[in-house]
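Understanding the architecture of this molecule
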Amino acid sequence: NFGTSFYGDDKLIFAAPAKRNYIINNVWKGNNQPFLDLYEGTINEEGGLVNVRKFSSKLNTKFHEADVTFTNDKKTVYFSRSNYFEGKYGKDSLGQNRIKMFKATVGPNDEWFNIESMPFNNDNYSVGHPTLSEDQKTLYFVSDMPGTLGKTDVFKVAVNEDGTYGLPMNLGPDVNTIEREMFPFIDGNDELYFASDGKEGLGMLDIYFCKLLPNGTLPSIHLGSNINSEKDDFAFIINKEKREGYFSSNRGLGKGDDDIYNFTQLKIYYVKGLVQNKNSLELLTDAHVSLLDQNNQIIAALDTNSDASYSFEIEKNTNYTLKATHKLYIPYEV
């Protein structure tokens with residue numbers, strides 16, 4: 001079970017081996033398990049899923065479906081599927097069935113129809129793992145199409161107002177490596193989360209964060225050991241208001257090959273500033289700054305260096321006293 005996507009405020013879509021009767025020949029040779037279908041579940045108060053059921057009989061087929069993203073109005077879905085469309089099972093020049101990206105729109109009774117193959121699909125390379133920017137103007141995805149720096153890269157493509165698409169663009173070496181980049185997720189318009197096994201991390205696939213700029217990207221940042229493990233960690237999503245989300249992993253604590261985990265991002269609060277001469281505003285080095293609790297006990301302290309700054313981690317909704325001393329000045333506190 002892996003690859004979650006939010007569907008409204010209280011639903012989650014994910015991929016799992018099809019829970020249906022199957023004959024031994026109807027399994028994926030990659031792991032000898034049934035092909036993947038899309039499922040939906042309702043998010044409960046603890047972040048778990050209840051009332052899990054098949055997502056859509058129109059989208060699910062006898063081959064793989066996974067990795068969906070929805071437009072803000074939930075009227076359009078982009079999803080990954082084995083190269084199987086309109087009853088035809090496609091193969092590349094080596095006889096391999098690749099992944100393609102498809103688009104569908106919602107119709108009566110909230111069912112999906114008008115399934116379309118994306119114009120940049122190709123029998124000879126894979127395209128999948130879609131995610132949309134918040135303004136719906138950019139679609140991000142993973143591919144090994146020509147122009148890929150490694151095994152699979154993250155690309156983006158413009159979504160035009162008339163329903164057409166621009167030319168796919170590689171996100172470049174700040175994101176992509178010579179290995180695999182997979183499972184992008186956009187939080188807002190300028191925050192990209194993705195998985196990679198080509199960067200210096202803790203194990204296999206690790207999850208990274210990258211700030212997107214109008215003309216490029218900033219270097220990516222590893223999310224650390226609270227999220228990542230020595231195994232595969234991927235498919236990170238987060239609710240930008242609640243700061244709660246999900247990722248997938250095959251770490252040893254799980255119940256299957258890949259399992260879905262939920263998390264809460266905790267905010268850390270700081271008090272920070274500069275030590276200055278009150279009149280001239282001159283920055284004061286070698287000042288001793290103390291943070292005191294409500295009982296007037298020192299809980300942290302430091303001496304300012306050349307930038308005259310101080311910073312202390314604090315708890316929210318709590319009273320503190322800041323005190324500064326310097327051999328040439330009268331002590332001051334606030």
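Right, let's walk through the structure included here. (Residues numbered from 1 in each chain as written. Predicted model: local features only at pLDDT ≥ 70, side-chain atom pairs only at ≥ 80, totals over all residues. Heavy atoms only, no water.)

What about the overall build of the protein chain?
Scanning the protein chain from terminus to terminus reveals zero helices and 30 strands. Per-residue burial over the protein chain gives 44% buried out of 334 residues. Within the protein chain, contacts between residues separated by at least 24 positions form 42% of all contacts whose residues are at least 6 apart in sequence. Side-chain charges in the protein chain split into 34 positive and 46 negative, and the spacing between the mean points of these groups amounts to 5 Å. (Helix = DSSP H or I, 4+ residues; strand = E, 2+ residues; numbered from the N terminus. Buried < 20%, exposed > 50% of the residue type's maximum accessible area, 1.4 Å probe, protein only. Contact = heavy atoms within 4.5 Å. Lys, Arg positive; Asp, Glu negative; His and termini not counted. Charge placed at Lys NZ, Arg CZ, Asp CG, Glu CD.)

A short note on the nonpolar core
In this structure, Tyr78, Met101, Phe120, Leu139 and Phe141 are the most contacted members of the largest nonpolar core, which totals 14 residues. Only β13 (127–132), β14 (138–143) and β15 (153–158) provide two or more residues apiece to this core. Sequence-distant contacts of Tyr78, that is, excluding residues within four places in its chain, are made with Asp67, Val68, Thr69, Met101, Phe102, Lys103, Met118, Pro130, Leu132, Leu139, Val159 and Tyr165. One finds Tyr193, Ile237, Phe247 and Tyr261 within the second-largest nonpolar core, a separate group that totals 13 residues. (Core = buried A, V, L, I, M, F, W, Y, C linked by side-chain atoms within 4.5 Å.)

Some remarks on the pairing of β14
Of all six residues in β14, six are buried, a share of seventy percent or more. Judged by which residues are buried, β14 turns out to be covered on both faces: Thr138, Tyr140 and Val142 on one side and Leu139, Phe141 and Ser143 on the other are all buried. By the bridge criterion, four bridges tie β13 to β14 in an arrangement that is antiparallel. For Leu132, the partnering residue across the bridge sits in β14 and is Leu139. The turn joining β13 and β14, which pair antiparallel and follow one another in sequence, is formed by five residues; a positive phi near 65° is taken by Gln136. Where β14 meets β15, six bridges bridge the pair, whose relative direction is antiparallel. Following the sheet pairing, Phe141 is matched in β15 by Phe155. (Pairing = 2+ DSSP bridges.)

As for the sheet that holds strand β7 (residues 65–70)
Strand order in the open sheet made by the four strands is β7-β8-β11-β12, with antiparallel pairing throughout. Looking at the sheet topology across the chains shown, the edges are occupied by β7 and β12 (112–117). If you compare each strand with its neighbour and ignore which way they point, the axes differ by 25° on average. (Axes fitted to C-alpha atoms, helices over the stretch in contact; angles between N-to-C directions.)

Some thoughts on the environment of Asp92
With respect to the helices and strands, the residue Asp92 is situated in the loop between β10 (88–89) and β11 (99–106). Overall, the relative accessible area of 9% leaves Asp92 in the buried class. Sequence separation between Asp92 and Asn122 is 30 residues; the distance between their C-alpha atoms is 8.6 Å. Setting aside residues up to four positions removed in sequence, Asp92 forms contacts with Arg98, Asp123 and Asn124. Within the structure, Asp92 has its side chain in polar contact with the backbone nitrogen of Leu94 (distance 2.9 Å). One polar contact links Asp92 to Arg98, side chain to side chain, over a distance of 3.1 Å. (Polar contact = N/O pair within 3.5 Å; in protein donor to acceptor, adjacent residues only side chain to side chain.)

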